[in-house]
Amino acid sequence: MQYGFAIDQRTCIGCHACTVACKTEHEVPVGQFRTWLKYVEKGEFPATTREFGVMRCNHCTDAPCVKICPTKALYKRDDGIVDFDRDRCIGCKSCMQGCPYDAIYIDEDTHTAAKCNFCAHRIDDDLEPACVVVCPTHSIWVGDLDDPTSGISRLINGNATSVRSPEQNTGPNVFYLGADRAVLEPLDAPVDDTYIWSHPDAHRLEVAQDTHAGAVRGARTVYNTAHPRPWGWKVTTYLWTKGIAAGALLVAALALITGVDLGILGTVVAPALALVMLAATAGLLIWDLKRPERFLYILLKPNPTSWLFLGGVALGVGALVAGLWFLAGVATEFDLLDLGPALDVLAWVAIPAAVMTAGYTAFLFGQAEGRDLWQSPVLFWHLQAQALMVGAGVLALALPFTDVGADGAAFVVRTLVLATAAHLLILAVEYGGRHATRHAAAAAHMVTSGRYAPLFRASIGLAVVAAALAVPSWDGDLLVLAAVAGLLVQVVLLAYESVYVRAGQDVPLS
């Protein structure tokens, strides 16, 4: 059984009755919507037309919000309805990133995720959803899509229909009859400087400047709802702190395995740095939750398909390895115990732990199916290069103040230079070629030529300068230059991640 909607835009009059009924039925806060109307105008005055589109959750067959939710707060019922349990929600906003339809919001009253749930409580009482009951033109149909005799199945099978974002392969179960493509595809109709009854939110207006190039001639959105970015500076900073933690541990492990002596920098400083930065990472992630008091639900009520949960496990393992390394390193350096053999074993364990600490975000971002820029096949490797860059960079800052031999200093500096070069090379691959989808191309345009171009280019310039400064220290000399380079690469990564996180969320989905 699969419940679904059919929206007949041929008869819809844009009266907003469905929106009002939905808000009343579910006590949706002012300014937030589970279902809403979008208006698109086409043509030049006086030959203009106005098209309507009813926007809502698509109750996908393969719902990405269900996969990415770390606590199973979003789930799919046996009847195909994608419902939510606000008592399990931690407010991580990952479901908002997973949804390609802008259908999920954080309720201002409960601080938990909410969306259209097909009026599941009414369905359970054999009643139709509130929006269906109130529609004056019977433009909204509901029923079992798997039943060929149902009214909705006969309507869909007997008419041409469209769905939103079919390229996402989510199996949306909201079908549109007579809907204009410019209504269903947000890049076809950017906003103008005003709506018919109000002004667009500032974020949508700014983004529109970078999306006009691909618009259908004369198509413009004249009424819609605001959809701000779910993730901000805390996620940007978390990528940096996590990168330092993973990179410092990885550099120390690689040095030990290859027989390079980093001294106290490898035995104590690197694992201590990893512990501090992993603690900062956890703090940022908890701080970013809308219900931070529920953060333990990730472990107590886990969804094993979510990379937010699996990432938490990776961070925990990384912290455990770093903690054991630090204790063994302190014992060895201060002649408390001879734990050199234990460090040799920990080095081999630390490599996969650090790799996953740095790289799990690639799989998490991969589950964020609403953000096409983040669906990059090279992201995992880019995160490794970035981790080595900033991890070696922080260790390079300590080189002038620690008694590290020339070989050890050279190892850190060479790692810094090569990782920075790898970062730049992957950027060239990432932004120099074609992108798989129109949305990814639009986001990449914002990065390279649009609103984020100055900061993006500055980050590239700083990376080149950092690598050039570090090269004279290649053999372990002139360590002050290496320290300056180590400081610069921190700015490089923060600047780039600020661009990457924002641009990925800026392409409109509705």
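The sections below set out a description of the structure shown in this document.

## Things to note about the overall build of the protein chain
Here is step 1 of the chain: Along the protein chain, the regular secondary structure elements total 18 helices and 10 strands.
Here is step 2 of the chain: Along the first, second and third principal axes, the C-alpha atoms of the protein chain reach 80 × 50 × 35 Å.
Here is step 3 of the chain: Within the protein chain, buried positions represent 58% of all 510 residues.
Here is step 4 of the chain: Considering only residue pairs separated by 6 or more positions, the protein chain has 74% of its internal contacts joining residues 24 or more positions apart.
Here is step 5 of the chain: Charged side chains in the protein chain number 36 positive and 48 negative. The centres of these two groups are separated by 6 Å.

## Description of the pattern of salt bridges
Here is step 1 of the chain: In the structure shown here, the tally under the stated rule is 18 salt bridges.
Here is step 2 of the chain: Of the charged contacts, one joins Asp192 and Arg220 as a salt bridge, the two residues approaching to 3.9 Å between their closest N and O atoms. With Asp192 in the loop between helix H7 (181-184) and helix H8 (202-208) and Arg220 in strand S10 (residues 220-223), this residue pair connects regions lying 28 residues apart in the sequence.
Here is step 3 of the chain: Residue Arg220 is classed as buried on the basis of its relative accessible area of 17%.
Here is step 4 of the chain: Several salt bridges converge on common partners, so that one network encompasses Glu41, Arg50, Asp192 and Arg220.

## Here we look at the sheet that holds S10
Here is step 1 of the chain: Strand order in the open sheet formed by 3 strands is S3-S2-S10, and the pairing between neighbours is antiparallel. Each edge of the sheet is formed by a strand with only one pairing partner; in this case those strands are strand S3 (47-56) and S10. Strand-to-strand twist across the sheet, computed as the mean angle between neighbouring axes with direction ignored, equals 35°.
Here is step 2 of the chain: Summarising the sheet, strand S2 (residues 35-44) and S3 pair through 10 bridges and their orientation is antiparallel. Within the sheet, the bridge partner assigned to Gly43 lies in S3 and is Thr48.
Here is step 3 of the chain: The strands touched by helix H1 (residues 17-26) within the sheet are S2 and S3, with S2 carrying the most contacts at an inclination of about 160°.

## Structural notes on helix H12 (residues 307-333)
Here is step 1 of the chain: The terminal C-alpha atoms of H12, which comprises 27 residues, lie 37 Å apart, in line with the 39 Å expected from a rise of 1.5 Å per residue.
Here is step 2 of the chain: Sitting at the head of H12, Ser306 places a side-chain oxygen 3.1 Å from the backbone nitrogen of Leu308.
Here is step 3 of the chain: In the segment just after H12, Asp335 is the residue with positive phi, at about 55°.

## Brief notes about unusual backbone geometry
Here is step 1 of the chain: Residue Phe45 is joined to Pro46 through a cis peptide bond whose omega torsion reads 10°.
Here is step 2 of the chain: Mapped onto the elements of the fold, Pro46 is located in the loop between S2 and S3.
Here is step 3 of the chain: Despite not being glycine, Asp126 shows a phi value in the positive range, around 60°.
Here is step 4 of the chain: Even without a glycine there, the phi angle at Asn169 is positive, about 55°.
Here is step 5 of the chain: For Asn169, a relative accessible area of 63% gives the class exposed.

## Concerning the packing of helix H10 (residues 264-287) against helix H14 (residues 379-398)
Here is step 1 of the chain: Where H10 contacts H14, the two axes come as close as 11 Å, and the packing angle between them is 125°. By the angle class used here, H10 and H14 are oblique. You can see that H10 and H14 cross each other, and the crossing is right-handed. Contact residues: Leu265, Val269, Ala270 and Leu273 in H10; Val394, Leu395 and Ala398 in H14.

## Overview of the packing of aromatic side chains
Here is step 1 of the chain: Taken as a whole and judged by the stated rule, the model has 18 aromatic pairs.
Here is step 2 of the chain: A ring pair is formed by Tyr39 and Trp197, whose centres lie 5.8 Å apart and whose planes are at 65°; its orientation type is edge-to-face. In this pair, Tyr39 sits in strand S2 while Trp197 sits in the loop between H7 and H8, placing the two residues 158 residues apart along the sequence.
Here is step 3 of the chain: A relative accessible area of 59% means that Trp197 is categorised as exposed.
Here is step 4 of the chain: Judged by centre distance (6.3 Å) and plane angle (55°), the ring pair of Tyr195 and Tyr223 falls under tilted. Of the two residues, Tyr195 sits in the loop between H7 and H8 while Tyr223 sits in strand S10, which places them 28 residues apart along the sequence.
Here is step 5 of the chain: Each residue in the set Trp231, Phe365, Trp374, Tyr431, Phe456, Tyr496 and Tyr500 is aromatic and connected to the rest through ring pairs, giving one cluster.
Here is step 6 of the chain: Cation over ring: Lys23 sits above Phe33, and NZ or CZ is 4.6 Å from the ring centre.
Here is step 7 of the chain: Cation over ring: Lys301 sits above Tyr297, and NZ or CZ is 4.3 Å from the ring centre.

What counts as what
- Residues numbered from 1 in each chain as written.
- Predicted model: local features only at pLDDT ≥ 70, side-chain atom pairs only at ≥ 80, totals over all residues.
- Heavy atoms only, no water.
- Helix = DSSP H or I, 4+ residues; strand = E, 2+ residues; numbered from the N terminus.
- Buried < 20%, exposed > 50% of the residue type's maximum accessible area, 1.4 Å probe, protein only.
- Contact = heavy atoms within 4.5 Å.
- Lys, Arg positive; Asp, Glu negative; His and termini not counted.
- Charge placed at Lys NZ, Arg CZ, Asp CG, Glu CD.
- Salt bridge = Lys/Arg side-chain N within 4 Å of Asp/Glu carboxyl O.
- Pairing = 2+ DSSP bridges.
- Axes fitted to C-alpha atoms, helices over the stretch in contact; angles between N-to-C directions.
- Expected span 1.5 Å × (residues − 1).
- Polar contact = N/O pair within 3.5 Å; in protein donor to acceptor, adjacent residues only side chain to side chain.
- Parallel < 35°, antiparallel > 145°, perpendicular 65-115°, else oblique.
- Left-handed = near helix turned anticlockwise from the far one by under 90°.
- Phe/Tyr/Trp six-rings, centres within 6.5 Å; stacked < 30°, edge-to-face > 60°.
- Lys NZ or Arg CZ within 6 Å of the ring centre and 35° of its normal.

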